[in-house]
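Structure at a glance
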Amino acid sequence: GDSVTQMEGPVTLSEEAFLTINCTYTATGYPSLFWYVQYPGEGLQLLLKATKADDKGSNKGFEATYRKETTSFHLEKGSVQVSDSAVYFCALSNYGGSQGNLIFGKGTKLSVKP
Amino acid sequence: DSGVTQTPKHLITATGQRVTLRCSPRSGDLSVYWYQQSLDQGLQFLIQYYNGEERAKGNILERFSAQQFPDLHSELNLSSLELGDSALYFCASSGTGANTDTQYFGPGTRLTVL
């Protein structure tokens, strides 16, 4: 079945450091890919998405490119801030396989130190 | 604010009891999804409703049931509760057209079973 694998955390960075969180997926057909963020004590917020190969999703300085050849959707940010501390989830939605529900990775906790 | 509301925010109950969690989707969204977030299982899809009809089922226990009402709000009923049912329960909704694959999450209901 469809699945998402993302790098284990926690990830600890200093402010202004470069961030990469790796995400790879297994899916039939052509899934849509998402990054969601969960701040402490809150629900999930959509961070960015991409719906087809080579699409780049971007929001709040975060970017991720849909790479079909490597089945990856890595999250990057050039300069992290303390306020980016949260748990980040990679997810896919595949109407061809999963009837539209989201399949999530296990989440990566990011801590940014001043 | 995603526009998805969930009540109650917190729920504490005893084993063997039954509870009902409520979700109101974003205005105009026809699909409602329920997810369970626990430390050991991560984020798991439970069930989806579309315009009042069950559309897809995930890892939902037989003790759990859901429905979507004519005004599109949804309820998740959990019965014969066990300690292991303690988790965060999220509702999400999605719309139609180009963004049908994008789900917006509510703030969640934290269920504690004692």
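Let me begin by describing the structure that accompanies this report.

Glancing now at the overall build of chain B. Scanning chain B for helices and strands turns up zero helices and eleven strands. Starting at the N terminus and ending at the C terminus, chain B contains elements arranged as β-β-β-β-β-β-β-β-β-β-β. Taken over the C-alpha trace, chain B has a radius of gyration of 13 Å; the compact-globule value for 114 residues is 13 Å, and the two agree within 12%. With the C-alpha coordinates aligned to their principal axes, the bounding extent of chain B is approximately 45 × 25 × 25 Å. When burial is assessed residue by residue, chain B has 51% of its 114 residues classed as buried. Contacts spanning at least 24 positions in sequence make up 53% of the contacts within chain B whose residues lie at least 6 apart.

Cis geometry is found at the peptide bond from Gly9(A) to Pro10(A), where omega equals -5 degrees. Locating Pro10(A) in the fold gives a position in the loop between strand E1 (3-6) and strand E2 (11-14). With an omega of -10 degrees, the peptide bond running from Thr7(B) to Pro8(B) counts as cis. As for its placement among the helices and strands, Pro8(B) is situated in the loop between strand E1 (5-7) and strand E2 (10-13). The residue Asp54(A) is not glycine, and still its phi comes out positive at about 75 degrees. Looking at where Asp54(A) falls in the secondary structure, it is placed in the loop between strand E6 (44-50) and strand E7 (56-59). A positive phi is found at Ser80(B), a non-glycine position, where the angle reads about 45 degrees.

Okay, the pattern of salt bridges next. For side chains bearing opposite charge, pairing can occur when the charged atoms are close. All names here are of chain B. Under the counting rule described, the total for this entry stands at six salt bridges over all chains. A salt bridge links aspartate 29 to arginine 26, with the nearest nitrogen and oxygen atoms 2.8 Å apart. According to the relative accessible area criterion, aspartate 29 is buried, its value standing at 3%. Arginine 26 gets classed as partly exposed once you look at its relative accessible area, which sits at 26%. Put simply, aspartate 85 and arginine 63 hold a salt bridge, and the shortest N to O gap is 2.8 Å. Here aspartate 85 is found in the loop between strand E8 (74-78) and strand E9 (87-94), whereas its partner arginine 63 is found in the loop between strand E6 (53-57) and strand E7 (64-68), with 22 residues between them in sequence. Taken as a pair, aspartate 85 and arginine 63 share a single burial class, namely buried. Each of Arg63, Glu82 and Asp85 takes part in a single network of salt bridges with overlapping partners.

Hydrogen bonding along the main chain pairs the strands of a sheet, whether they run parallel or antiparallel. Residues and elements named next belong to chain B. Within the open sheet, the four strands sit side by side as E1-E3-E8-E7. Their pairing is antiparallel. Edge positions in the open sheet fall to E1 and E7, since each of these has one partner strand only. Taken over all neighbouring pairs, the strand axes of this sheet differ in orientation by 15 degrees on average, direction set aside. Pairing between strand E3 (residues 19-24) and E8: five bridges, direction antiparallel.

Contact with chain A, which involves 18 residues of that partner, is made by 20 residues of chain B. Summing both sides of the interface, chain A and chain B together bury roughly 1500 Å²; the carbon and sulfur share of this comes to 52%. At the boundary of chain A with chain B, the tally comes to zero salt bridges. Residue assignment for the side of chain A that touches chain B shows that the elements contributing at least two residues are strand E5 (32-38), E6, strand E10 (86-93) and strand E11 (102-104) of chain A. Per-element tally for the side of chain A that touches chain B: the top contributor is E5(A), with four residues.

Residues and elements named next belong to chain A. Spatial ordering of the open sheet is given by E3-E9-E8-E7, a layout of four strands whose pairing is antiparallel. Only two strands of the sheet have a single neighbouring strand rather than two, namely strand E3 (19-21) and E7. Strand-to-strand twist of the sheet, defined as the mean angle between neighbouring strand axes without regard to direction, takes the value 15 degrees. Of the strand pairs in this sheet, E7 and strand E8 (residues 62-65) are connected by four bridges, and their pairing is antiparallel.

Before going further, it helps to spend a moment on the environment of Thr12(A). Within the secondary structure, Thr12(A) is located in strand E2. Each residue touching Thr12(A), except ones within four places of it in the same chain, is listed here: Ser111(A) and Lys113(A).

Cut-offs applied
Residues numbered from 1 in each chain as written. Chains lettered and ligands numbered in written order. Predicted model: local features only at pLDDT ≥ 70, side-chain atom pairs only at ≥ 80, totals over all residues. Heavy atoms only, no water. Helix = DSSP H or I, 4+ residues; strand = E, 2+ residues; numbered from the N terminus. Rg over C-alpha atoms; globule rule 2.2 N^0.38 Å. Buried < 20%, exposed > 50% of the residue type's maximum accessible area, 1.4 Å probe, protein only. Contact = heavy atoms within 4.5 Å. Salt bridge = Lys/Arg side-chain N within 4 Å of Asp/Glu carboxyl O. Pairing = 2+ DSSP bridges. Axes fitted to C-alpha atoms, helices over the stretch in contact; angles between N-to-C directions. Buried area = accessible area lost by both parts, 1.4 Å probe.

By themselves, these figures tell us nothing about what the structure is for.
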